[in-house]
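Analysis of the macromolecular model
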Amino acid sequence: MEQAASDPERQLQPAPLEPLGFSDPGLEAAVGEEAERSREEGTGDGMMTENNFWLKKIEISVSEAEKRTGRNAMNMQETYTAYLIETRSVEHIDGQSVLTDSLWRRYSEFELLRSYLLVYYPHIVVPPLPEKRAEFVWHKLSADNMDPDFVERRRIGLENFLLRVASHPILCKDKIFYLFLTQEGNWKETVNETGFQLKADSRLKALNATFRVKNPDKRFTELKHYSDELQSVISHLLRVRARVADRLYGVYKVHGNYGRVFSEWSAIEKEMGDGLQSAGHHMDVYASSIDDILEDEEHYADQLKEYLFYAEALRAVCRKHELMQYDLEMAAQDLASKKQQCEELATGTVRTFSLKGMTTKLFGQETPEQREARIKVLEEQINEGEQQLKSKNLEGREFVKNAWADIERFKEQKNHDLKEALISYAVMQISMCKKGIQVWTNAKECFSKM
Amino acid sequence: MSGGPPRALPSTGPHSLRDMPHPLAGSSSEEAVGGDSTPSPDLLMARSFGDKDLILPNGGTPAGTSSPASSSSLLNRLQLDDDIDGETRDLFVTVDDPKKHVCTMETYITYRITTKSTRVEFDLPEYSVRRRYQDFDWLRNKLEESQPTHLIPDLNAYKKQGMALLTRVGESVKHVTGGYKLRSRPLEFAAIGDYLDTFALKLGTIDRIAQRIIKEEIEYLVELREYGPVYSTWSAIEGELAEPLEGVSACIGNCSTALEELTDNMTEDFLPVLREYILYSDSMKNVLKKRDQVQAEYEAKLEAVALRKEDRPKVPADVEKCQDRMECFNADLKADMERWQSNKRQDFRQLLMGMADKNIQYYEKCLMAWESIIPLLQEKQEAK
């Protein structure tokens, strides 16, 4: 698992591999809701510390995929794919791994886990899932979800997702995540019991905030802009790459026709026959080599896709900030207006239009007792409002601090991963060129013997 | 032209070409206008070469400087002598440098013909003249008339850089005596005929495949040209990744250029040669047909004699002449076929090796491009 970088700004981020136990007051503000929830769920089945889950290194793999049929919520028969998740703990001393848990999950359960993480960790760039449906396919690839190649690539993608979560300094400690890996039955109910769906921000609210927020942190605005551009450019790249793959496939495959015609031609030749025949064989080799080449390239496409989806996760964090900021601005506005009302009542001056003021004018002044009562109510509300504003402010600042810390972590991860992806892509191209040189050199030799 | 088989058989005999005027003889003094025109060929009585009385209009000045060898050697090789199984050649001819001539009456193109030879028949080691398409046509006709039993390579003009339109194959057939039907082709000639049919078919298929490959490669190139720049666009929004992404973009650009070179080469060098061979084999088939006609004529005459029931033991002269003609034809044709086969083998070896070479070069260029950016991609950034 990754070690969190030691950084004063990230003091609120606990270092990984520490046993869970939210006794540290410094962690309170940071983990907030999640600490509450964990403590709630900690009762009964024991804290995770008992299992020493995080003290040992763990290995997670999604090792198999299996077609299943079952009945869905509407009691209709359906076919789906289930994935086997195996967790191994690795003993430090000798590096041997022991299988500790093994269970089957389907894609929808992964989705549920992610939705939960999004709600409870809004300040984290939550790793994305592999695509639900095959997109950016080039013609030979199937767009069918049941296609074995698609299932295989999805298996790898799901494994990657789990590894990303497990190696995240904060997400790895989550109880629900732990249960996902260890408790086959009843997990869905457990997640739903957290009531996370209710805690989710409505899309409408979020959209509203985006348009109306006045002073979002500039960094988040820029980041949102970046994530939009990243999404756009990677989509474009993936689309064109799929077309390139299509064309390259065509070029290689047509060469296979040489194999056949050279063979036919060699039949009517005396001295040229052997050379032609063997050259034809090399043309066949050339034509069939493209299948493996393009399969390898799919891994590159998958790496790009992960970051395409990560862009969405980035945007989600920015939206949360906007929402919180908007909330804050609204609360401040509300407080200011209440204070003003109070002031007006106290001093008797009416600076702003109010219905009360109008009715007072029309129907006569209220009694001093009535006014006192109103002032008192307002003062209470103002007090409350000030408290709320303070806590919202604090929340907002904490959010910005923590979110930005995770964003920095994400940026480094992204740069590292994409560089690696580019290197492996270049290596693939080099291998393809070398194969091409080999085949044509062989063919040339055959031709020379004609 | 030297005889094919070691033993010279009497043929119908060449006509003396002195009796046939050059089509341009009357109008040899054309006014040449225009910037890049050269004087039209004059008619001089040249020395004949070989042991036949052929006259070629010879004009112009001997070449002062040697001309560069033309890139497509097959196209420009006018083999006028036999070269079976690696005999040393002592006559080299190249055709290149097309030039446009604009005159009052017409516009035409001439080609420079450079002839190098060590033969004693040539006064000078090197000649350079200009001839136009009409002249080539004239030469071909003369050669066919004087040497009907030999295969004269088809004067195939194909559409390429202003050369004249395709001549109709089978010109020589018009010289054949018409009206005789052949009962059956002797086995060996039937075999040649079958071979040529299949050969032409296979070449046709290869032509189509090659065209299809070029088409696919061009479409691949179109996509690559869009693909590379997207990495540039991406690089513009990144910080640490900017250089690596830009590097990848440039790399793909280099590969695109290399691919374009490959498709150009295949279009310009590979396809035309292939097509010439298809026409060449069609020519051969026509010679075979001619041979059939000659045999038919002979057989018909023989039959006629037999039917006349003359008890003269001696075969009439004209039948004997026919038989001679046929034997000659057969011998010449077999010789030509051997030579054709030898040329074909060499030419295709060269052609296909060339194709392999072009592909190897393409991949080598791409390999170099990708290998050169690996260090760039692996570079660690100093400042954060």
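Computed from a prediction, not measured in an experiment: that's the story for all the values here. Positions within a chain are numbered from 1, following the residues in the order the chain's sequence is written. Lettering of chains starts at A and numbering of ligands starts at 1, both following the order in which they are written. Confidence filtering applies because this is a predicted model: local features only for residues at pLDDT of at least 70, side-chain atom pairs given and counted only at 80 or more, and all residues used for totals across whole chains, interfaces and linings. No hydrogens and no water enter the side-chain calculation; it runs on all heavy atoms of the structure.

This part is about the overall build of chain A. Looking only at helices and strands, one finds 13 helices and three strands in chain A. Evaluated residue by residue, chain A yields a buried proportion of 48% over its 450 residues. Contacts in chain A between residues far apart in sequence, at least 24 positions, make up 74% of those at least 6 positions apart. For helices the rule is a DSSP run of H or I covering at least 4 residues; for strands it is a run of E covering at least 2, with both sets numbered from the N terminus onward. Relative accessible area decides the class of each residue, using a 1.4 Å probe on protein chains only: under 20% of the type maximum gives buried, over 50% gives exposed, and in between gives partly exposed. In this analysis, two residues are considered to be in contact whenever any of their non-hydrogen atoms come within 4.5 Å of each other.

Each helix and strand counted, chain B has five helices and three strands in total. Starting at the N terminus and ending at the C terminus, chain B contains elements arranged as α-β-β-β-α-α-α-α. Looking at the 384 residues of chain B, the share that counts as buried comes to 43%. Nonlocal contacts in chain B, meaning residues at least 24 apart in sequence, comprise 72% of its contacts between residues at least 6 apart.

On to the interface of chain B and chain A. Chain B puts 56 residues into the contact, and the matching count from chain A is 55 residues. Defined in terms of a 1.4 Å probe, buried area is the accessible area two parts forfeit on being brought together, summed over both. For the pair chain B and chain A, the summed buried area comes to about 5500 Å², and 75% of that belongs to carbon and sulfur atoms. Among the residues chain B hides against chain A, the three largest losses belong to B:Tyr227, B:Trp234 and B:Tyr363. Together they make up 13% of the total. The rule for a salt bridge is simple: a side-chain nitrogen of Lys or Arg has to be within 4 Å of a carboxyl oxygen of Asp or Glu. If you look at where chain B meets chain A, you find 10 salt bridges. One salt bridge in this structure joins A:Arg247 and B:Glu219, with 2.5 Å as the shortest N-O distance. Two N or O atoms count as a polar contact when they lie within 3.5 Å, although within protein this holds only if one can serve as hydrogen donor and the other as acceptor, and sequence-adjacent residues are included solely when both atoms are side-chain atoms. At the boundary of chain B with chain A, the tally comes to 18 residue pairs in polar contact (both at pLDDT 80 or more). Every element with two or more residues in the side of chain B that touches chain A is listed here: α3 (187–237), α4 (242–307) and α5 (317–378) of chain B. The greatest single-element share of the side of chain B that touches chain A, amounting to 24 residues, is contributed by α3(B). Residues are grouped as follows: nonpolar covers Ala, Val, Leu, Ile, Met, Phe, Trp, Tyr, Cys and Pro; charged covers Asp, Glu, Lys and Arg; every other residue, Gly included, is treated as polar. When its residues are assigned to classes, the side of chain B that touches chain A shows 31 nonpolar, seven polar and 18 charged.

Counted according to the given criterion, the structure contains 52 salt bridges over all chains. Across the salt bridge formed by B:Arg345 and A:Glu271, the nearest N and O atoms sit 3.7 Å from each other. Taken together, the residues span two chains, with B:Arg345 in helix α5 and A:Glu271 in the loop between α10 (218–266) and α11 (273–347). A residue is classified by how much of its surface remains accessible, and B:Arg345, at 26% relative accessible area, is partly exposed. With a shortest N-O distance of 2.9 Å, B:Arg225 and B:Glu260 are connected by a salt bridge. Taken together, the positions of B:Arg225 in helix α3 and B:Glu260 in helix α4 put the pair 35 residues apart, joining distant regions of the chain.

This next bit is on the confidence of the model for chain A. All names here are of chain A. Averaged over all residues, the pLDDT of chain A equals 82, while 81% of them reach at least 70. Within chain A, the lowest mean pLDDT, 31, falls on helix α1 (residues 25–31), and the highest, 95, falls on α10. Under a pLDDT of 50 for its full length, residues 1–53 has, in the predicted model, 80 contacts with residues more than four places off or in other chains. Per-residue confidence from the predictor is given as pLDDT, running between 0 and 100.

All names here are of chain B. Angular values range over 0 to 180 degrees, each being the angle between N-to-C directions of two axes fitted as lines to C-alpha atoms, with helices fitted over their stretch in contact. Look at α4 against α5: their axes get within 10 Å of each other, and the N-to-C directions meet at 175°. As judged from the angle between their axes, α4 and α5 are roughly antiparallel. Tallied by class, the residues present in the contact of α4 with α5 amount to 39 nonpolar, nine polar and 13 charged. Convention used here: angles under 35 degrees read as roughly parallel, angles over 145 as roughly antiparallel, angles from 65 to 115 as roughly perpendicular, and any remaining angle as oblique.

Right, let's get into the sheet that holds strand β2 (residues 107–117) of chain B. All names here are of chain B. Following DSSP output, two strands are said to pair if at least two bridges run between them. Spatially, β1-β2-β3 is the arrangement adopted by the three strands of the open sheet, whose pairing is antiparallel. A single partner strand is all that each edge strand has here, and the edge strands are β1 (91–102) and β3 (126–132). Recorded for the sheet is a direction-independent mean angle of 20° between the axes of neighbouring strands. The sheet contact formed by β1 and β2 spans 10 bridges and is antiparallel. When the sheet's bridge partners are listed, phenylalanine 92 is paired in β2 with lysine 116.

As a further point, take the environment of A:Ser424. Residue and element names in this part refer to chain A. In this fold, serine 424 is placed in helix α13 (residues 368–448). A relative accessible area of 27% means that serine 424 is categorised as partly exposed. Serine 424 sits 125 residues away from histidine 299 along the chain, and the two C-alpha atoms are 9.6 Å apart. In this structure the side chain of serine 424 is engaged in a polar contact, spanning 3.0 Å, whose partner is the backbone oxygen of alanine 421.

The next subject is the packing of aromatic side chains. All names here are of chain A. Each Phe, Tyr or Trp ring (for Trp, its six-membered ring) is paired with any other whose centre lies within 6.5 Å, and the angle between the two planes then decides the class: stacked below 30 degrees, edge-to-face above 60, tilted in between. The tally for this structure, following the rule as stated, stands at 31 aromatic pairs over all chains. Here phenylalanine 110 and phenylalanine 180 contribute two aromatic rings whose centre-to-centre distance is 5.0 Å and whose plane-to-plane angle is 75°, an arrangement assigned as edge-to-face. Here phenylalanine 110, found in helix α4 (residues 107–120), pairs with phenylalanine 180, found in helix α6 (residues 175–182); they are 70 residues apart in sequence, far enough to count as distant. For the pair shown, phenylalanine 110 and phenylalanine 180 are each scored as buried. A centroid spacing of 5.7 Å and a plane angle of 65° characterise the contact between tyrosine 286 and tryptophan 440, whose relative ring orientation is edge-to-face. One end of the pair, tyrosine 286, is in helix α11; the other, tryptophan 440, is in helix α13, with 154 residues separating them in the sequence.

Time to look at empty space enclosed by the protein. A cavity here means a set of points on a 1 Å grid, drawn over the protein atoms and nothing else, where a 1.4 Å probe fits but cannot get out; a pocket is an open set with protein on both sides within 12 Å along at least five of seven lines, and a residue lines either one if it has an atom within 4 Å of a point. Grid points are joined across faces, edges and corners, and a volume is the space filled by probe spheres set on the points. The full count for this structure, using the stated rule, is 12 cavities of 30 Å³ or more. In this model, the second largest cavity occupies a volume close to 160 Å³. Of the residues that constitute the lining of the second largest cavity, the class distribution is 14 nonpolar, one polar and one charged.

The next subject is the nonpolar core. To define a nonpolar core, start from buried Ala, Val, Leu, Ile, Met, Phe, Trp, Tyr and Cys residues and group those joined through side-chain atoms within 4.5 Å. A:Tyr258, A:Phe262, B:Tyr227, B:Tyr231, B:Phe270, B:Phe348 and B:Trp370 are the most contacted members of the largest nonpolar core, which totals 129 residues. When residues of this core are traced back to their parent elements, those giving at least two are α10, α11 and α13 of chain A together with α3, α4 and α5 of chain B. The next biggest cluster of nonpolar side chains, apart from the first, holds 34 residues, and it includes A:Leu117, A:Leu129, A:Tyr178 and A:Leu179.

This part takes up the packing of α4(A) against helix α5 (residues 148–166) of chain A. Each packed pair of helices is defined by two parameters, the angle between the axes and the distance between the axes. Residue and element names in this part refer to chain A. At a closest axis distance of 12 Å, the pairing of α4 and α5 adopts a crossing angle of 30°. By the angle between their axes, α4 is roughly parallel relative to α5. Between α4 and α5 lies a crossing of left-handed hand. Within the contact between the two elements, α4 uses Tyr107, Phe110, Leu113, Arg114 and Leu117 and α5 uses Arg154, Leu158, Phe161, Leu162 and Val165. Residue classes in the contact of α4 with α5 are distributed as eight nonpolar, no polar and two charged. Crossing handedness follows the turn of the near helix against the far one: under a right angle anticlockwise gives a left-handed crossing, and clockwise gives a right-handed one.

Further remarks concern the pairing of strand β2 (residues 77–90) of chain A. A regular strand places its side chains on the two faces of the sheet in alternate fashion. Residue and element names in this part refer to chain A. The buried fraction of β2 is high, at 10 of 14 residues. Both β2 and strand β3 (residues 97–106) contribute to a ladder of nine bridges, which runs antiparallel. Within the sheet, the bridge partner assigned to alanine 82 lies in β3 and is arginine 106.

All names here are of chain A. Its place among the elements puts glycine 256 in helix α10. Taking relative accessible area as the criterion, glycine 256 reaches 18% and is therefore assigned buried. Each C-alpha atom of the pair glycine 256 and histidine 282 lies 9.0 Å from the other, and the pair is 26 residues apart in sequence. With residues up to four places along the chain from it excluded, the contact list for glycine 256 reads Met283, Asp284 and Ala287.

As a further point, take the side chain of A:Glu322. All names here are of chain A. Relative to the elements of secondary structure, glutamate 322 occurs in helix α11. On the basis of relative accessible area, glutamate 322 is assigned to the buried category, the value being 6%. Ignoring anything within four residues of it in the chain, the contact list for glutamate 322 reads Ala209, Thr210, Val213 and Lys224.

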